[in-house]
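# A closer look at the structure
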Amino acid sequence: IGLLRDEGLLRPAQGKGTFVEKKPQTHPKMRVETSLQNLAELYRKLNPKITPLEDGFGTPNIEIGEGRLGKRYRMLRRVHSRDRQVTSVITAYLDDRIFRLAPSRFRKGLIIPILMDVAGDQIGSAKQVLTVSTAGTTIAKEMNISASAPVAEVRRVFCSHDSTVLYVGELTYRADFIRVEMDLLG
């Protein structure tokens with residue numbers, strides 16, 4: 001309550017209670033893209049602050065029909081921020097053979113445009129699923145939001161032409177950061 005009061009969002013009135021003074025600032029919106037090319041172009045324009053949380057090896061969970069696992073994956077877990085506001089938490093699994101093509105770039109930059117630059121011709125399929133959910137305690141802490149706050153979870157799986165999983169991205173966005181707009185006639 002003190003933080004909200006300090007931000008000018010709440011006004012306490014002794015003997016009467018605490019009142020909402022104004023709505024919080026609107027956060028910048030991010031379009032949900034429906035093609036890999038458009039997603040890569042969108043990410044080329046973004047310049048979020050990237051804060052690493054983990055960098056090591058891991059194995060992504062692959063659901064039936066998503067592809068088959070390769071030998072080894074680099075796992076990068078990070079927080080993206082914009083305008084001093086955390087916008088997303090990302091856990092990315094990248095086939096280690098591809099990671100080794102540009103390790104410094106993958107560690108410092110947005111993965112999808114770099115993946116397209118160094119191995120775009122190897123991608124045979126790219127799927128994305130968006131689910132509206134609520135934040136668990138770990139995500140809530142990392143994003144500085146309340147537990148059970150609404151979030152948008154995005155899962156991306158890119159496979160090679162022989163169905164080997166090249167990339168798995170598990171992203172959690174603040175719900176107020178996502179904007180889904182679709183042309184229903186296009």
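Now for a look at the structure at hand.

Rules and cut-offs
- Residues numbered from 1 in each chain as written.
- Predicted model: local features only at pLDDT ≥ 70, side-chain atom pairs only at ≥ 80, totals over all residues.
- Heavy atoms only, no water.
- Helix = DSSP H or I, 4+ residues; strand = E, 2+ residues; numbered from the N terminus.
- Contact = heavy atoms within 4.5 Å.
- Areas by Shrake-Rupley, 256 points an atom, 1.4 Å probe, with all protein chains shown as cover.
- Phe/Tyr/Trp six-rings, centres within 6.5 Å; stacked < 30°, edge-to-face > 60°.
- Buried < 20%, exposed > 50% of the residue type's maximum accessible area, 1.4 Å probe, protein only.
- Lys NZ or Arg CZ within 6 Å of the ring centre and 35° of its normal.
- Axes fitted to C-alpha atoms, helices over the stretch in contact; angles between N-to-C directions.
- Parallel < 35°, antiparallel > 145°, perpendicular 65-115°, else oblique.
- Left-handed = near helix turned anticlockwise from the far one by under 90°.
- Nonpolar A, V, L, I, M, F, W, Y, C, P; charged D, E, K, R; others polar.
- 1 Å grid on protein atoms, 1.4 Å probe; cavity = no way out; pocket = protein on both sides within 12 Å on 5 of 7 lines; lining within 4 Å.
- Points joined across faces, edges and corners; volume = space filled by probe spheres on them.
- Salt bridge = Lys/Arg side-chain N within 4 Å of Asp/Glu carboxyl O.

## Regarding the overall build of the chain
A count of helical and extended segments in the chain gives six helices and ten strands. Taking the intrachain contacts of the chain between residues at least 6 apart in sequence as the baseline, contacts between residues at least 24 apart amount to 56%. Of the roughly 11500 Å² of accessible surface on the chain, 50% is carried by carbon and sulfur atoms.

## Section: the packing of aromatic side chains
In this description, an aromatic ring pair is defined by two values, namely the gap between the centres and the angle between the planes. Using the criterion set out here, one finds three aromatic pairs in the structure. Centre to centre, the rings of Phe99 and Phe106 are 6.1 Å apart; their planes meet at 25°, and the pair counts as stacked. You'll find Phe99 and Phe106 in the same group, each marked buried. Seen in terms of ring centroids, Tyr173 and Phe177 are 6.4 Å apart; in terms of plane orientation they differ by 15°. Their pairing is stacked. Each member of the pair Tyr173 and Phe177 is classed as buried. One Lys or Arg, Arg72, reaches over the ring of Phe57 and ends 3.7 Å from the middle of that ring.

## So, the side chain of Ser81
Within the secondary structure, Ser81 sits in strand 5 (residues 73-82). Here Ser81 falls in the buried class, since its relative accessible area comes to 13%. With sequence-adjacent residues up to four places away left out, Ser81 is seen in contact with Pro48, Lys49, Val86 and Thr87.

## A word on the environment of Ile112
With respect to the helices and strands, Ile112 occurs in helix 5 (residues 111-119). Those residues within four positions of Ile112 in sequence are excluded, and the remaining contacts are Leu36, Leu39, Ala40, Tyr43, Arg156, Phe158 and Tyr167.

## Some words on the packing of helix 2 (residues 36-45) against helix 5
Running from N to C, helix 2 and helix 5 point in directions that differ by 120°, and their axes come no closer than 8 Å. Between helix 2 and helix 5, the crossing angle belongs to the class labelled oblique. Here helix 2 runs over helix 5; the crossing is left-handed. Touching Leu36, Gln37, Leu39, Ala40, Tyr43 and Arg44 of helix 2 are Ile112, Pro113, Met116 and Asp117, all from helix 5. Considering only residue class, the contact of helix 2 with helix 5 consists of seven nonpolar, one polar and two charged.

## Digging into helix 5
Within helix 5, seven of the nine residues are buried, which leaves it mostly tucked inside the rest of the structure. Within the span of helix 5, buried status applies to Ile111, Ile112, Pro113, Ile114, Leu115, Met116 and Ala119.

## Remarks on the environment of Phe158
Relative to the assigned elements, Phe158 resides in strand 8 (residues 150-160). Among residues more than four places away in sequence, those in contact with Phe158 are Leu36, Ile112, Leu115, Ile123, Ser125, Ala126, Lys127, Thr164, Val165, Leu166 and Tyr167.

## Some words on empty space enclosed by the protein
Here the structure, examined in full by the defined rule, presents two cavities of 30 Å³ or more. The volume enclosed by the largest cavity comes to roughly 220 Å³. At the level of elements, strand 5, strand 6 (85-95), helix 5 and strand 9 (165-174) are the ones that each hand at least two residues to the lining of the largest cavity. Its residues placed into classes, the lining of the largest cavity shows 13 nonpolar, four polar and three charged.

## Focus on the pattern of salt bridges
For the structure on display, the rule yields 14 salt bridges. In this structure, Arg72 and Asp96 form a salt bridge, with 3.7 Å as the shortest nitrogen-oxygen distance. With Arg72 in the loop between strand 4 (49-57) and strand 5 and Asp96 in helix 3 (residues 96-99), this pair connects stretches of sequence that are 24 residues apart. According to the relative accessible area criterion, Asp96 is buried, its value standing at 8%. Note that Asp176 and Arg174 form a salt bridge whose closest N and O atoms lie 2.9 Å from each other.

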